Structures are given as structure tokens and as C-alpha cells.
Amino acid sequence: MTKRVYEVAKEYGVSAKNVIKVLGDHNIKAGNFTGIDDSMRAILDKSFKEPKKAEKPAEQKKGMEGTGRKVNDNNRAKQAKPQEGQKQGNSHKQNRPEQGNNAKKQAQPARNGNKNQQSGSSGQNHQNNRGQDNKKNAGQQNAKSSGNQNNRQNGNQQNKQNQQNNGGKRTKFFGRSSQNGDEGQNAGRSDNKKNKRNQNNNNPNGKNNRPHTLLSNVLNKGKNKNNKNNKKQGGHHDMGGGEPAKKKNYPTSIELPETIIVKDFAEKLGREVGEVIKKLLMGGIMATINQEIDFETASLIADEFGVTVTQEAPPEDPTEIEEIVDAPETLKVRPPVVTIMGHVDHGKTSLLDAIRQTNVTSHEAGGITQHIGAYQVRYNGKKITFMDTPGHEAFTAMRARGAQVTDIAVLVVAADDGVMPQTVESINHAKSAGVPIIVAINKIDKESANPEHVMQQLTEYGLISEEWGGDTIMVPVSAHKKIGLDDLLENILVLAEVSELKANPNRPAQGVVIEAKLDKGRGPVASVLIQKGTLHVGDTIIVGPCFGKVRAMNNERGERVKKAEPSIPVEILGLNDVPEAGDILDVTDEKTARSVAEKRMEKKRSSALHVNAKVTLDDLFNQIQQGELKELPLIIKGDVQGSVEALSQSLLNIKSDEVRIAIVHAGVGAISESDIMLASASNAIIIGFNVRPDAAARKAAEHDNVDMRMYRVIYDAINDVEAAIKGMLEKKYEEHIIGRAEVRKVITTPKVIVGGSYVKEGKITNNAKIRLIRNGIVIHDGEIDGLRRFKDDVKEVASGYECGITLEKYRDIKEGDEIEAYEMVEVAPE
Ligand SMILES: Nc1nc2c(ncn2[C@@H]2O[C@H](COP(=O)(O)OP(=O)(O)OP(=O)(O)O)[C@@H](O)[C@H]2O)c(=O)[nH]1
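Residues numbered from 1 in each chain as written. Predicted model: local features only at pLDDT ≥ 70, side-chain atom pairs only at ≥ 80, totals over all residues. Heavy atoms only, no water.

S.K.: Please explain the layout of surface pockets as it appears in this structure.
M.R.: Using a probe with the size of a water molecule, rolled over the atoms, empty space left in the structure can be pinpointed. Counted as a void, the second largest pocket has a volume near 420 Å³. Taken together, 21 residues make up the lining of the second largest pocket; nearest its centre are V754, R788, F790, C803 and G804. The set of elements that each furnish at least two residues to the lining of the second largest pocket consists of β28 (733-748), β29 (753-765), β31 (777-789) and β34 (802-807). (1 Å grid on protein atoms, 1.4 Å probe; cavity = no way out; pocket = protein on both sides within 12 Å on 5 of 7 lines; lining within 4 Å. Points joined across faces, edges and corners; volume = space filled by probe spheres on them. Helix = DSSP H or I, 4+ residues; strand = E, 2+ residues; numbered from the N terminus.)

If you want it as C-alpha cells, here you go:
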């Protein structure tokens, strides 16, 4: 099939404009939709010898020179050298055979001081290698460096984080001008719609993504987002029948929203709708007058008419504080934030305590340890922030609220116990959040310890130790005997360096609440982890729906501090109310803080009435249609491993052009609260096979509006998911027993037979369905015709009372029969 200009442009990795220009240079007039024949192809081949693939490394190199190189230098200068001797004698890694593994080669230089290998390779290779390795283990150890293509492909951490942090937020640019000093808090904020736009565009996974219409699917292949300069280059590229723009009446530039109806679009262009539809058709797109097209599609068409397009800023949300965009040069390295996860009793708390005791800076300052939700340790002159609440529950609860604070997850696995259900859950939680994992194999002091076995088990979950050629750092430790703690901390720092964790400290602060409470003496107290900027005493802050002025700040040693920089946890006083964990703190002016907080409160109140919309099988098709869903995350719980695997496999085999099924977590056992949290955080549906949710899970599911589906037949589960994807899911009903009555006397009248009954349990209602049970056997299934107490017709009779029951179209009632009343209710999340 003949390819069009925008398609071949994509193949070459250049813009359609470039292709048009090159053709123009050869006296071939072309437009975005012009077909490319062999002679044109030859010209283009000549001009764009370097296909897209070849371009990327060059781009990366450019990016890495600024950032990645620094890491290496840093490693060389600060880490590798001084530790060389110390490390050689230290760890299990000393005698590792060379595996020729990229990740290993990278990770080792920093830790083993084997820096010469590293120094030969540029930062670029360093990153590329990691990227390759990541393929083995998606989501693991992805460096978070911005501008790194490999990392984006693998685990998409940066994007996820952007999404978490910036999704749907208004943005301001805060950059070059603000580098000096952190005093003038609002000085660097500048309203800049273009930046808003960029911010949104740079976030391909962002929540703001416009709906993917059929049109965009076809046309955004030749995406040419910014057509601003087309005019300069000759503007109108009309090939294939379009009329040249008549300058007099037609606009030369227009602003477009994220999506626009064809009719409105034509109006903006000052063209007949037919003309626009014709252009769309030429692009292979059938569109009707009332069809919505997205920005990309519209800009391509506008370009065809020689009209320059800019995108309208999205409407401002009065409950959002404008997001500040930090210029790359303002970013400074910040400490990593670490969460400890793992199975019950594997030693999470012990490890947190051991690290705290050996490394906490309290002895330096003489403070008394306070619990503020996180603490910092200093190792080799660098800081690490540990979240003080072990376990993935806190981690996931935070994520469910849209805040991601963790940079690195330390997965604690007891060397004697091995991988257990919550170990697997933790792995899935971390993977689903795109957070890299370091494994701490704990309790190696125990005689029954078998670290190799743990390593073996972990391979099944995609965590392959560096020793075995994988890219997961695994450190044997003993929290009790304080063995391996240095090694663990050092590895955390290495991973942090590779991940290039940075933030701009010189701007108004932004942070996340990790804990909050109402203190009798001090009022609302919130522990906040600062993520960007610096928080000062005296700052006016808005935190979720609360606001106030920072009256005082304490660190984890209970000491008063005046300011807190990125990755620092502090307890703050001065809010008007108690925020919730996961609420975002922003520094702003008092007027904004007050009015936005009020709006947020209003929104909270009204959204309490409308439970937030999560994916449910019932409305799955709707969401697919509206372009809100491209991936269907599922959590699968079953009674035995075999059925979990069979079900997972079969679900993954469901083929659909519109949605991809992603299994976020699959495990054996009852559906737990933690499954609900994960489902809530990842917007997943839970599929239970021969298992039920426990009481806490049921409650949580109800609260979070998580859809749980229980099945006893695998085939039914597959059918339902398949049908939901295709939009054919029928509503399901489930039987609810509402009461039982015993027939104690049969009264025969000429018209009816009345069962004089006694309600033993629940209640009997006059519109209930009933089953007549005799000696344990159901002899009739039907409906109640009449329900009476004495002579009165009643709606219901409660347990402990007598009543007369007549059945519709059924007369064979005998003394001693049991009447079971039930109703069919639409299946809601259980
Ligand atoms: N021998 C040995 N025992 C340990 C070690 N670390 C922890 N333990 C013991 O393992 C048990 C569980 O330790 P915790 O630190 O409470 O484990 P946890 O993972 O925080 O447990 P939960 O908070 O219940 O999830 C305790 O009895 C600890 O004393 C270790 O390195 N060696």
C-alpha cells in the first residue's frame, strides 16, 4: 500500500514538514497526505539516510552528557575510590564470577570500586545498558533519569511519577530566574500557557490524555504536534485536490482545544464542513459533521489548509494549585526515599530499627527519636530517607491517593522462611508503582537460613540476582546481628545515584502528607515529606482541603527546624484542620490557600455523594469507548496455584484490539484488604476463583468502590471479561435469603390455602420470592401471593411473629414445611 508523507516521516523519524521540504527541493509538491511513490522514496532515502533508530542515541547522548556523566564522575570520585579496600573484604560479591552482564558491570564499579570498566563507558552507555537489562525485568531498577528513552520504555517510571505528581495539574514555569536563593517564593512563578501545554504533552501517560478516537489512531502516527512554523516554510501544502487557502477571509492561525467537533473545527477554519471532511477522507478518515477529532488530527488538517495551530490551555481547575515546572538546570540531587516491604515477621521493623540505631544522626545532635512517619540516616556522607511504616499497605494507600513518595523499595525476605504470599504481593505492589526493588535477605544469622533458596524462589517473580546475571541487587543481612547493613545502605545509594533523583530546592515547597493527627496541645499536626522546593517556617501552605501558616517544624528527633528541603520529613504545626495521608502540600499565598482549600472542601463534600468511578466490568465497555481505558488491570485470587495460573493464562489470552489485559497481581488465598488497596491504587478489577473476600476486604472494597467478581467456573470468568470488553456483559443477579418461616398450621378456604406460619429468621416480605422446602427438598419455587397478620395485609413480617402466607399459583402447603424467602439483587461489589 502506498504510504503517505506523514507515515514515511515517522519511519525516518523526522517531521512531515521535513519530508515535504525535501520533496519540494526536488520540485515535488507534497502535503501531509501525499502518497509516496518509488522515485520519491529514493529521494527521501538519500536525504534521511539515518533512520530513526540511529537518531535516538545521539539524542540520548546529548541528554546524558548533562546528567548521566555526572553520576559516573560522582561514582568515581566519591564512592568507588574510598570504598575500594573496604568493600573488597566485605561482601558476598567479592568472588562473583564475571558474567559479562551489563547491569552487573554497572552496579559493581560503584560498589566494588571496579571503576575502570565504568569509566570507559560514557554515561550514555551506562543508561543504555540498564535499559536493556530492564527488559528482563520490566519495572525493576529503572533509572529515573529524565530524557532517557530506555527507561521510558521499561517501567515508565518517570512518566508514572510525572503522572502522579503532575497529572491534571496546572503548571507554572519556575526555572532559570529562580536559581539564586530560595527566598522570593513566588518570584519565579510565571504564568506560561505554553509550558502548561508542554507539560501536558510531555506526559504521554498522563491523566490528561485526550480520548483516542479512531481518527487519532490513524493520524497520530504522523504526529506533528507543533505546526507553528509551517507557514514560514511555504505554508500550504496542497496535494491531492485541496483548494489553496484564500487569504482574504481565512484565518492564518487558530487555537484548538484538546478535542473538537468537525463542525466547530470547520467554523474555526472558516471553511465549509464538506471541505474539512474531504481533507479528512484524503487522510483515510471517515468523519461525520458531529464527530469529535483530537488535537493532532485537527492540526494535521489545519496544516493542510495552511493554518497555524496552537493548543488552547486546558480549562483551569479551581481546586488545583498551579504546578511549577522546574527547569532542568535548577534540579539538584536529593536523597532517596525508601520503603521497607515484605512478608509478616520477616523482619521489616527489626531492619528499620537496626538501620536507625546504627546510622541515625541522633548521637550527633542528641535528640530523642520521635515517630514522624519517616526518618533520615546518613551513610558515607549521604542521606537516605526511610519511610517509618513498614509494609506495602502504607505504600499502596498513599499511591491510591495519587501520591507516590517511594523511590526505592527494600524487599525483606527471611532467609529461613523464603518467599511467602506477602513477599509476592510486595513485589507486585512495587512493580505496579514502577519502583525499583532491592532485596534484603534477612535473618542470615539463623542456622536454618538458606539465602540461595530465596534467590532461587525470587527468580520466579522476575527478580534475578546480579550474582546470577540478573539486575536485582540482593543483599544478605541480619537485623539482629547487624550484618550487611552497610552493604544494604551502600546499594541503596548506588541505585539512587543511577536513578538520578533530583529536585529543585529553590522554589516554593511541595510535599506529601505521610501522617497526620490532632494533638490535644498542639492542634493539627502533619508529617510531611518534602518533594520539591524548600519549606520554611512562616510559609503559607495549602494541604489537601486544609490551609494555614507553618508555625513550627520538627524533625524526627523532635528538634525545631527552620526549613526542610527535598526528601526531608518534617512535622508541621499551624494547619487549620487535620489533612489525610497522601494529601499534597503546596506553598502559596494566603488568599489562594484559603480559596482553593474552600473549593477543595466543597468538592470533597460533593464527591462524597458520588463515589469515585473505578473500573467495573459493567461499565468497562463504556470506558473503552470513551478512550479512558487502554489497559484492563486485573488482580486474580484463587484457591490453588494451579487454578490461579490457568485463569491468568486464559485471561491474558483474550485478544482485543482495544484493551490489553494486565495482571497486576495473582495469588493464592482469600481476597484481602491489601488486594483491595492494590486494586484501588491500580484501578484494577479483582477476579476471585473459589475464594471469597474477608470481612475487612469486603468493607474496603465497598469504601473504595472496587469491583470484585467471584467465580466457581474459570470459563465463566473468561466469558465475563471477554463480554465486558466487547460491551455485552449482562447484568448479574444474586440470590439473597431474607428470611425463613415454618408452616405450623394449614388453613384451607374455598379460594386459597393459607400457610399459618411462624417467622424464624430474618423477615418475610409480600414481594419476596420463596422456596417451599419439605424435608430438605425444594418442592416449589415461586412467589408470595399474600402476606397477612390477623386480618390485615402487611408488607413484611419480622422474625418472632406469626403470619398467614399464600403462594401464587400453588396450593400444596403442609404443616412442617419451611418457606424460605429470598430476593434477587443485582450483583454489586461483594
Ligand atoms: N534471628 C533473627 N531474627 C530476626 C531477625 N530480624 C527479625 N527477627 C525476628 O523476627 C521476628 C519478626 O521481626 P519483625 O521485625 O517484627 O518483623 P516484621 O516484618 O516487622 O513483622 P510485622 O510487623 O508483623 O509484619 C521477631 O521475632 C524478630 O526478633 C534477624 O536478623 N535474625
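Following the structure, the description resumes.
S.K.: Mind showing me how you'd approach the site of the ligand here?
M.R.: Close contacts around the ligand come from 15 residues, with K348, T349, S350, D445 and A479 the closest. Note that an oxygen atom of the ligand is positioned 2.8 Å from one of the backbone N or O atoms of A479. Between H480 and the ligand, the recorded distance is 2.8 Å, taken from a side-chain N or O atom to an oxygen atom. Taking 640 Å² as the accessible area of the ligand by itself, protein coverage stands at 71%. Looking at the shell around the ligand element by element, the count peaks at three residues for helix α16 (residues 348-359). Class assignment for the residues of the shell around the ligand results in two nonpolar, eight polar and five charged. (Near = heavy atom within 4 Å. Polar contact = N/O pair within 3.5 Å; in protein donor to acceptor, adjacent residues only side chain to side chain. Areas by Shrake-Rupley, 256 points an atom, 1.4 Å probe, with all protein chains shown as cover. Nonpolar A, V, L, I, M, F, W, Y, C, P; charged D, E, K, R; others polar.)

S.K.: In this structure, what is going on with helix α26 (residues 695-704)? I would like to understand it.
M.R.: In an α-helix there are 3.6 residues to a turn, and that puts residues three or four apart on one side. Those residues of α26 that sit buried are A697, A700, A701 and D704. For α26, the angular spread of the buried residues around the axis is 100 degrees, confining them to a single face. Exposed and oriented more than 90 degrees from the buried face of α26 are A695, K699, E702 and H703. Packed against the buried residues of α26 are α25 (673-682) and β27 (708-711). Two residues or fewer after α26 comes N705, characterised by a positive phi angle close to 60 degrees. (Buried < 20%, exposed > 50% of the residue type's maximum accessible area, 1.4 Å probe, protein only. Arc of directions from axis to C-beta. Contact = heavy atoms within 4.5 Å.)

S.K.: Would you explain the packing of helix α1 (residues 5-12) against helix α3 (residues 38-47) in this entry?
M.R.: Angle between the axes and distance between the axes are the two parameters that describe a pair of packed helices. Between α1 and α3, the least distance of the axes is 11 Å, while the angle of their chain directions is 30 degrees. What the angle tells us is that α1 and α3 run roughly parallel. Every pair of crossing elements has a handedness; the one defined by α1 and α3 is right-handed. Residues V8, E11 and Y12 of α1 pack against R41, L44 and D45 of α3. Across the contact of α1 with α3, the residue classes tally to three nonpolar, no polar and three charged. (Axes fitted to C-alpha atoms, helices over the stretch in contact; angles between N-to-C directions. Parallel < 35°, antiparallel > 145°, perpendicular 65-115°, else oblique. Left-handed = near helix turned anticlockwise from the far one by under 90°.)

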